[in-house]
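Structural overview
This is what each chain is made of:
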Amino acid sequence: MRLSIGLSSPALSAAIGLGLTAALFGAVPASAAPAPLSDAPVAGYSSYSGSGEEAKANQAFFDAVLTSVAEKRAANPRAAAVTVIYNASAAPSFSAEIARSTQIWNSSVTNVKLQAGSNADFTYREGNDPRGSYASSNGHGRGYIFLDYAQNEIYDSVRVTAHETGHVLGLPDHYQGPCSELMSGGGPGASCTNPNPDANERARVNALWANGLAKALAKVNQDR
């Protein structure tokens, strides 16, 4: 299942998320955040507001990662912090953006931390996809964030990366929101370069990882 950051592809049963018809643009690897463009519709972008199927996929991705983290924590109950491990080796063109996104999230929330490492709960990948960038999960805690070259040349690359990482941490898309909301994705237009979650988004992630992890951990222990 796939989740996208709310650009212009139709919802598919297996494809959801921040979709942009990137096939219309050249595939040029992104090494830095692009200059902001106008707010005119890009690549057929319309005021796409998501769907019930997309919201369910967002939740499924979060649940998968949460379960993976809970299983590791149950095996090591003395761990000092709740940590979500990622592997970015398959997205070398976006190493700076991923590092910046990690820094943003780790400085924004207190109940969960992102950390690069082995035995990852999710990975980052890069390439060309007409749907644009998205977060995808197999339902078993082995999901990935795909970063599309062309889309990251149009929209602020750090914002795209931080937005998709927001799905990993449990946040749904809210395309109708203002630029100050990270999860509004492409809704405010290509000139929006804000990569930071707002106060409500930060509070939501903290609540999800305080309450959600406790429930997931209890279920893991019960199933043992």
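The numbers attached to residues start from 1 for each chain and follow its sequence in the written order. Selection of residues for local features in this predicted model requires a pLDDT of at least 70, selection of side-chain atom pairs for listing and counting requires 80 or more, and totals for whole chains, interfaces and linings are taken over all residues. Excluded from the side-chain calculation are hydrogens and water; included are all heavy atoms of the structure.

1. Overview of the nonpolar core
Cut-off, in case you're wondering: Nonpolar core, defined: a set of buried Ala, Val, Leu, Ile, Met, Phe, Trp, Tyr and Cys residues in which side-chain atoms within 4.5 Å join the residues together. Between buried and exposed lies partly exposed: a residue is buried under 20% and exposed over 50% of the maximum accessible area for its type, with that area taken using a 1.4 Å probe on protein chains only. Secondary structure follows DSSP: runs of H or I at least 4 residues long count as helices, runs of E at least 2 residues long count as strands, and numbering of each begins at the N terminus. Every residue pair with non-hydrogen atoms within 4.5 Å of one another is taken to be in contact.
Ranked by size, the top nonpolar core spans 39 residues in total, and within it Val 84, Trp 105, Val 112, Phe 122, Tyr 124, Val 205 and Trp 209 carry the most contacts. Counting only elements with at least two residues in this core, the list comes to helix H1 (52-75), strand E2 (83-90), helix H2 (95-108), strand E4 (122-127), strand E6 (143-148), helix H3 (149-154), helix H4 (157-168) and helix H5 (199-223). With 7 residues, the single largest contributor to this core is H1. In this structure Trp 209 touches Phe 62, Val 65, Leu 66, Val 69, Val 82, Val 84, Asn 111, Val 112, Val 168 and Leu 169, once residues within four positions along its chain are discounted.

2. Regarding the packing of aromatic side chains
Note the following rule: Pairing of aromatic rings covers Phe, Tyr and the six-membered ring of Trp, with a centre-to-centre limit of 6.5 Å; geometry is then stacked below 30 degrees between planes, edge-to-face above 60, and tilted otherwise. In this analysis the charged atom, NZ for Lys or CZ for Arg, is taken to sit over a ring once it is within 6 Å of the ring centre and within 35 degrees of the ring normal.
Applying the stated criterion across every chain yields a total of 7 aromatic pairs. A centroid spacing of 5.6 Å and a plane angle of 85° characterise the contact between Phe 62 and Trp 209, whose relative ring orientation is edge-to-face. Of the two residues, Phe 62 sits in helix H1 while Trp 209 sits in helix H5, which places them 147 residues apart along the sequence. Just as Phe 62 is buried, Trp 209 falls in that class too. On the numbers, 6.2 Å between centres and 10° between planes, the contact of Phe 94 with Tyr 149 is stacked. Of this pair, Phe 94 sits in the loop between E2 and H2 while Tyr 149 sits in helix H3, placing them 55 residues apart in sequence. We classify Tyr 149 as buried; its relative accessible area is 13%. Among the aromatic residues, those joined into a ring-pair cluster are Tyr 86, Phe 122 and Tyr 124. The ring of Tyr 144 carries Arg 125 above its face, with NZ or CZ at 3.7 Å from the centroid.

3. Notes on the pairing of strand E3 (residues 113-116)
We apply this condition: Should DSSP find at least two bridges between two strands, the strands are taken to pair. Here a crossover is taken to be right-handed if, once the strands point away from the viewer, the path from the first strand over the helix to the second is traced clockwise.
With 4 bridges connecting them, E2 and E3 associate as parallel partners. Residue pairing for E3: Thr 83 is matched across the bridge by Lys 113. Tracing the backbone out of E2, into H2 and back to the parallel element E3 gives a crossover that is right-handed.

4. Some details on unusual backbone geometry
With the exception of glycine, the majority of residues adopt a negative phi angle, and the majority of peptide bonds are in the trans configuration. With a phi close to 50°, Asn 119 is a non-glycine residue in the positive phi region. Summarising the element assignment, Asn 119 is placed in the loop between E3 and E4.

5. A word on the pairing of E6
Here E6 lies mainly inside the structure; 6 of its 6 residues are buried. Neither face of E6 is exposed, since Gly 143, Ile 145 and Leu 147 on one face and Tyr 144, Phe 146 and Asp 148 on the opposite face are all buried. Two strands pair when backbone bridges link them, and strand E5 (residues 134-136) and E6 are joined in this way by 3 bridges, in the antiparallel orientation. By the bridge assignment for E6, Ser 136 is matched with Tyr 144.

6. Points about the side chain of Thr 102
Of note, Thr 102 is situated in helix H2. Contact partners of Thr 102, with chain neighbours within four places excluded, come to Tyr 86 and Leu 114.

7. Focus on the environment of Ala 199
Considering the arrangement of structural elements, one finds Ala 199 in helix H5. Considered as a pair, Ala 199 and Val 109 are 90 residues apart in the sequence and their alpha carbons are 9.9 Å apart.

8. Regarding the pattern of salt bridges
Note the cut-off: Salt bridge, as used here, is a side-chain nitrogen of Lys or Arg placed within 4 Å of a carboxyl oxygen of Asp or Glu.
Under the counting rule described, the total for this entry stands at 1 salt bridge. Notably, a salt bridge pairs Lys 72 with Asp 121, separated by 2.9 Å at the nearest N-O pair. Separated by 49 residues along the polypeptide, Lys 72 in helix H1 and Asp 121 in the loop between E3 and E4 bring together distant segments of the chain. Accessibility expressed as a relative area gives 25% for Lys 72, which makes it partly exposed.

9. Some remarks on the confidence of the model for the protein chain
Which entries qualify depends on this criterion: Every residue gets a pLDDT, meaning the predictor's confidence in that residue, from 0 to 100.
On average, residues of the protein chain carry a pLDDT of 77, and 72% of them reach 70 or more. Mean pLDDT per element in the protein chain: strand E1 (residues 2-4) is the minimum at 39, and H2 is the maximum at 98. Scored below 50 in pLDDT, residues 1-49 makes 169 contacts in the model with residues more than four places away or belonging to other chains.

10. Structural notes on H2
Formally: Any helix carries an expected span of 1.5 Å times its number of residues minus one. To obtain the arc, one takes the directions from the helix axis to the C-beta atoms.
For H2, built from 14 residues, the straight-helix expectation of 20 Å at 1.5 Å per residue is met to within 8% by its first-to-last C-alpha distance of 20 Å. Within H2 the residues assigned to the buried category are Glu 97, Ile 98, Ser 101, Thr 102, Ile 104, Trp 105 and Ser 108. Each buried residue of H2 sits inside an arc of 160° when the element is viewed along its axis, so together they form one side. At its buried positions, H2 is contacted by E2, E3, E4, E6, H4 and H5.

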